[in-house]
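Here is what each chain is made of, one letter per residue.
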There are 2 protein chains.
Amino acid sequence: MRKKDSAVLTNAVNSLKDIMQMLTPEQQEELKDNLYIQHFKKNETLYREGEVPEMFHCLISGKVKVYKDGIGGRTQIVRVIKPVEYFGYRAYFANQNYVTSAAAFEASTVCLIPVEILERWMMKNNQLALFFIRQLAIEVARSDQRTVNLTQKHIRGRLAESLIFLRDNYGLEEDGATLSIYLSREDLANMSNMTTSNAIRTLSAFAQEKIIAIDGKKIKIIDGDNLERINKIG
Amino acid sequence: MRKKDSAVLTNAVNSLKDIMQMLTPEQQEELKDNLYIQHFKKNETLYREGEVPEMFHCLISGKVKVYKDGIGGRTQIVRVIKPVEYFGYRAYFANQNYVTSAAAFEASTVCLIPVEILERWMMKNNQLALFFIRQLAIEVARSDQRTVNLTQKHIRGRLAESLIFLRDNYGLEEDGATLSIYLSREDLANMSNMTTSNAIRTLSAFAQEKIIAIDGKKIKIIDGDNLERINKIG
DNA sequence: TCTTTTTTATGCTATTCAACATGTTTTTGT
DNA sequence: ACAAAAACATGTTGAATAGCATAAAAAAGA
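Basis of the calculations
Residues numbered from 1 in each chain as written. Chains lettered and ligands numbered in written order. Predicted model: local features only at pLDDT ≥ 70, side-chain atom pairs only at ≥ 80, totals over all residues. Heavy atoms only, no water. Buried < 20%, exposed > 50% of the residue type's maximum accessible area, 1.4 Å probe, protein only. Helix = DSSP H or I, 4+ residues; strand = E, 2+ residues; numbered from the N terminus. Arc of directions from axis to C-beta. Contact = heavy atoms within 4.5 Å. Buried area = accessible area lost by both parts, 1.4 Å probe. Salt bridge = Lys/Arg side-chain N within 4 Å of Asp/Glu carboxyl O. Near = heavy atom within 4 Å. Polar contact = N/O pair within 3.5 Å; in protein donor to acceptor, adjacent residues only side chain to side chain. Nonpolar A, V, L, I, M, F, W, Y, C, P; charged D, E, K, R; others polar.

### Quick look at helix H10 (residues 224–233) of chain A
Structural remark: α-helix, 3.6 residues per turn; residues separated by three or four positions point the same way.
Residues and elements named next belong to chain A.
Then step 1. Residues Gly-224, Asn-226, Leu-227, Ile-230 and Asn-231 constitute the buried set of H10. When H10 is viewed along its axis, its buried side chains cluster within an angular range of 160° and face the same direction. When the buried face of H10 is taken as reference, the exposed residues oriented beyond 90 degrees from it are Asp-225, Lys-232 and Ile-233.
Then step 2. The inward-facing, buried residues of H10 contact helix H7 (155–170), helix H9 (196–208) and strand E8 (218–221).

Now the structure itself:
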């Protein structure tokens, strides 16, 4: 798990620059001494619901999902992480065990810091504390919005929203149309609160309507305006 | 809006004691000088989606709902406040306008503090900052859990959950069975992600099954164990 | 108090979506 | 390269729930 050749360290520290610049020089040194790098393979689990949260996570490269296992084997993806974003620390500050699990969509590299250290810094560094207040405050709004979207939108609208989100979050390939993330239909379903069957069906429908083009896991957005329209109305 | 006879002030300050005890004597004085009391009638709006958040709210008495207006006139209640709880400050720390609205279920009294002052205190008072980190971190988990409950549970399970929540949150009357809050069927539906028709129908079903007894807006829980069972499985 | 409006109740219908079945294609592991 | 497993595709069916209509009851206002 531990890996600290200077190139990796420099990369990690660079990824943490939002946080770094809020720290005193001594704190910056302490961070470097307590920073771990971990690699995860595709579909590998980073942490699981019920576990004790000890590490603050920063995604350096790759793509990660945060999800809740629900009723009857169903799963809801509640957050999707891109580099460089922070995650896996909420439960610690709420004095809870993890209430979500996290897994890698694809091969990913994560930088870990004992969150207890971060908390200690926050006791002395208000800028840092306010940074996390802001992060969490934004996350509450996102989660509430997701609740409404997932409960009130129809299936086509929910899928359209997920596709738009993936485009905006992870971007497009060089052709300016193909989603940079290759998700399974199941993951797409778990983002959009629907069964895998319906994700497949609805994707096919979108393809037939020339809104998207599908080639296995590759999804190309052809008519983005239409997708936005479906997201809004349906 | 402003009301500061000493009895009211004492009451308000007492309600804020969680926060008060984290403040320096000077800050406590400043709080008393910048504290407003406002009364709201039943169904009156405290704030609306889109407005600029300026005040930190503390509910002193009464009952308040926080909700989002969604698609096609539908509404989702995302939070339910009881005395003494804090609310209406999240948007400020996220640098957003309000993304929810708040209204009084019944006649309520609220204590208001300019949230800008609170933020200023947080810059100097880490205990206070960590207190709000904790509040927000808990709220994120609640919201994620709500997403899963509202999307994955069946209609009976969702209603059972709302009834249990109302019992646990607002308590029971002296008979040890009747919910202390008298909600309209519409509000109950808006908590439980269903139409008013279905809230009425499902309540009637519960009553016929002797799980509850209904007398207008009065709801008496007869078979709490059964309600828990329905919440869990259904 | 009387009228008007809102809320509650219940039945019927239409729609959405999940469940299941089956076959095909793709991926994975050896 | 091949077998086994997983993911994808598509059709059919049925259950869950929204939508609408109507009427009764309750609450709000004048």
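### Looking at the interface of chain B and chain A
Then step 1. Listed per partner, the contact involves 41 residues of chain B and 41 residues of chain A.
Then step 2. Across the chain B to chain A interface the summed buried area is about 3,800 Å²; carbon plus sulfur atoms make up 65%.
Then step 3. Together, Ile71(B), Ile133(B) and Gln152(B) form the three largest contributors to the area buried by chain B at its contact with chain A, with a combined 17%.
Then step 4. The tally of links from chain B across to chain A stands at two salt bridges.
Then step 5. In this structure, Asp144(B) engages Arg146(A) in a salt bridge whose closest nitrogen and oxygen atoms are separated by 3.3 Å.

### Re the protein's contact with DNA strand C
Then step 1. As a structural note, the neighbourhood of DNA strand C is formed by 16 residues, with Ile155(A), Asn198(A), Arg185(B), Ser204(B) and Lys217(B) the closest of them.
Then step 2. Between DNA strand C and Lys217(B) there is a distance of 3.0 Å, counted from a phosphate oxygen to a side-chain nitrogen or oxygen.
Then step 3. Among the elements of the structure, H7 and H9 of chain A together with helix H9 (196–208) of chain B are those that each provide at least two residues to the surface near DNA strand C.
Then step 4. Considering every element that reaches the surface near DNA strand C, the biggest residue donor is H9(B), with four residues.
Then step 5. In the surface near DNA strand C, the residues fall into three nonpolar, eight polar and five charged.

### Considerations on the protein's contact with DNA strand D
Then step 1. Neighbouring DNA strand D are 15 residues; Arg185(A), Arg201(A), Ser204(A), Lys217(A) and Asn198(B) lie closest to it.
Then step 2. Taking the atoms of DNA strand D that fall within 4 Å of the protein, sugar and phosphate contribute 62% of them.
Then step 3. One of the side-chain nitrogen or oxygen atoms of Lys217(A) is found 2.9 Å away from a phosphate oxygen of DNA strand D.
Then step 4. The separation between a phosphate oxygen of DNA strand D and a polar side-chain atom of Asn198(B) is 2.6 Å.
Then step 5. Going through the elements one at a time, helix H8 (185–192) and H9 of chain A together with helix H7 (155–170) and H9 of chain B are the ones with two or more residues in the surface near DNA strand D.
Then step 6. The element contributing the most residues to the surface near DNA strand D is H9(A), with four residues.
Then step 7. Grouping the amino acids of the surface near DNA strand D by side-chain chemistry returns two nonpolar, seven polar and six charged.

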